[in-house]
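Structural features, examined
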Amino acid sequence: DSGVTQTPKHLITATGQRVTLRCSPRSGDLSVYWYQQSLDQGLQFLIQYYNGEERAKGNILERFSAQQFPDLHSELNLSSLELGDSALYFCASSVVSQLNTEAFFGQGTRLTVV
Amino acid sequence: AQTVTQSQPEMSVQEAETVTLSCTYDTSENNYYLFWYKQPPSRQMILVIRQEAYKQQNATENRFSVNFQKAAKSFSLKISDSQLGDTAMYFCALTTGNQFYFGTGTSLTVIP
């Protein structure tokens, strides 16, 4: 158990809909990262939050948004969903500013858009 | 900008044999860490081994070891005495302390 909790584990929704994925980081970790992993693909970095503020942005679509709340949990909002958004979405947390830390991953949310 | 390249999309190895997975990276930073993550069929990302860039000694973790060539920016993973449970996708990753950069992964199959 990495200590990072993602909910829900599975999500099936229709095209055009909006969903929210939730992530609770490890206790003490201030940084949260969101990654998208499509079928047989590598991890695509979406966005990073540190202590409530956006820290870095990757290839995140405009239809996607995220935020980190005062209790440090984070939510990734995906709207106007398309079939191509079907993927495994990972959340990871770390203690940024400590170079020797690893990223701890949640178990992912598998999103299926039908 | 940081990049991580894994040039072997797929590899296979006989059980009990040794296999080496390749990774090259590019960064202009002097201080960074390198990691190998394993993603088995369960899709959970599991840390296999980490290497500090300022340390010349190669990291080892039981059957897993790395060959870290800083000048060549190369960071390969050697798995000795391969086991069926090693079948997984392996990702090489780099962090400069701000965020993590991942390669595209190598799918390793251990053949009984």
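Residues numbered from 1 in each chain as written. Chains lettered and ligands numbered in written order. Predicted model: local features only at pLDDT ≥ 70, side-chain atom pairs only at ≥ 80, totals over all residues. Heavy atoms only, no water.

Before going further, it helps to spend a moment on the overall build of chain B. Looking only at helices and strands, chain B features 0 helices and 12 strands. The order of helices and strands in chain B, counted from the N terminus, is β-β-β-β-β-β-β-β-β-β-β-β. Against the 2.2 N^0.38 benchmark of 13 Å for 112 residues, chain B shows a C-alpha radius of gyration of 13 Å, consistent with a compact globule. By its C-alpha atoms, chain B is 40 × 25 × 20 Å across when sized along the principal axes. Split into buried and exposed, the 112 residues of chain B put 51% on the buried side. Carbon and sulfur atoms form 44% of the exposed surface of chain B, whose accessible area is close to 5,300 Å². With 8 positive and 9 negative side-chain charges, chain B shows a separation of 6 Å between the mean positions of the two kinds. (Helix = DSSP H or I, 4+ residues; strand = E, 2+ residues; numbered from the N terminus. Rg over C-alpha atoms; globule rule 2.2 N^0.38 Å. Buried < 20%, exposed > 50% of the residue type's maximum accessible area, 1.4 Å probe, protein only. Areas by Shrake-Rupley, 256 points an atom, 1.4 Å probe, with all protein chains shown as cover. Lys, Arg positive; Asp, Glu negative; His and termini not counted. Charge placed at Lys NZ, Arg CZ, Asp CG, Glu CD.)

Looking now at the state of the cysteines. Residue and element names in this part refer to chain A. A full pass over the atoms with the stated rule returns 2 disulfides over all chains. At a sulfur-sulfur separation of 1.8 Å, the disulfide partner of cysteine 23 is cysteine 91. The S-S bond linking cysteine 23 to cysteine 91 shows a torsion near -50°; that makes this disulfide left-handed. With a gap of 68 residues between them, cysteine 23 in strand β3 (residues 19–24) and cysteine 91 in strand β9 (residues 87–94) connect regions that are remote in the sequence. (Disulfide = S-S within 2.5 Å.)

A separate point is the pattern of salt bridges. Residues and elements named next belong to chain B. In the structure shown here, the tally under the stated rule is 7 salt bridges over all chains. For the salt bridge of aspartate 26 with lysine 73, the shortest nitrogen-to-oxygen distance reads 3.0 Å. One end of the pair, aspartate 26, is in strand β4 (residues 24–26); the other, lysine 73, is in the loop between β8 (64–69) and β9 (74–79), with 47 residues separating them in the sequence. Overall, aspartate 26 belongs to the partly exposed group, its relative accessible area being 39%. With a relative accessible area of 26%, lysine 73 lands in the partly exposed category. A salt bridge links aspartate 86 to arginine 63; the nearest nitrogen and oxygen atoms lie 2.8 Å apart. Of this pair, aspartate 86 sits in the loop between β9 and β10 (88–95) while arginine 63 sits in the loop between β7 (60–61) and β8, placing them 23 residues apart in sequence. In this structure, aspartate 86 and arginine 63 share a single accessibility class: buried. (Salt bridge = Lys/Arg side-chain N within 4 Å of Asp/Glu carboxyl O.)

The subject of this paragraph is the sheet that holds strand β8 (residues 74–78) of chain A. All names here are of chain A. Strand order in the open sheet made by the 4 strands is β1-β3-β8-β7, with antiparallel pairing throughout. Since the sheet does not close on itself, it has two edges, and those belong to β1 (5–7) and β7 (64–68), each with one partner. Neighbour-to-neighbour, the strand axes of this sheet turn through a mean angle of 15°, independent of strand direction. Sheet topology places β1 next to β3; 3 bridges connect them, and they run antiparallel. Counterpart to threonine 7 in the pairing with β3 is arginine 22. (Pairing = 2+ DSSP bridges. Axes fitted to C-alpha atoms, helices over the stretch in contact; angles between N-to-C directions.)

Before going further, it helps to examine the interface of chain A and chain B. Each partner contributes residues to the interface: chain A has 27 residues there, and chain B has 20 residues. Of the roughly 1,900 Å² buried at the junction of chain A and chain B (both faces included), carbon and sulfur atoms supply 54%. Where chain A meets chain B, there are 0 salt bridges. Linking chain A to chain B there are 4 residue pairs in polar contact (both at pLDDT 80 or more). Elements represented by at least two residues in the side of chain A that touches chain B include exactly β4 (31–37), β5 (44–50), β6 (53–57) and β9 of chain A. Among the residues forming the side of chain A that touches chain B, the class breakdown is 12 nonpolar, 11 polar and 4 charged. (Contact = heavy atoms within 4.5 Å. Buried area = accessible area lost by both parts, 1.4 Å probe. Polar contact = N/O pair within 3.5 Å; in protein donor to acceptor, adjacent residues only side chain to side chain. Nonpolar A, V, L, I, M, F, W, Y, C, P; charged D, E, K, R; others polar.)

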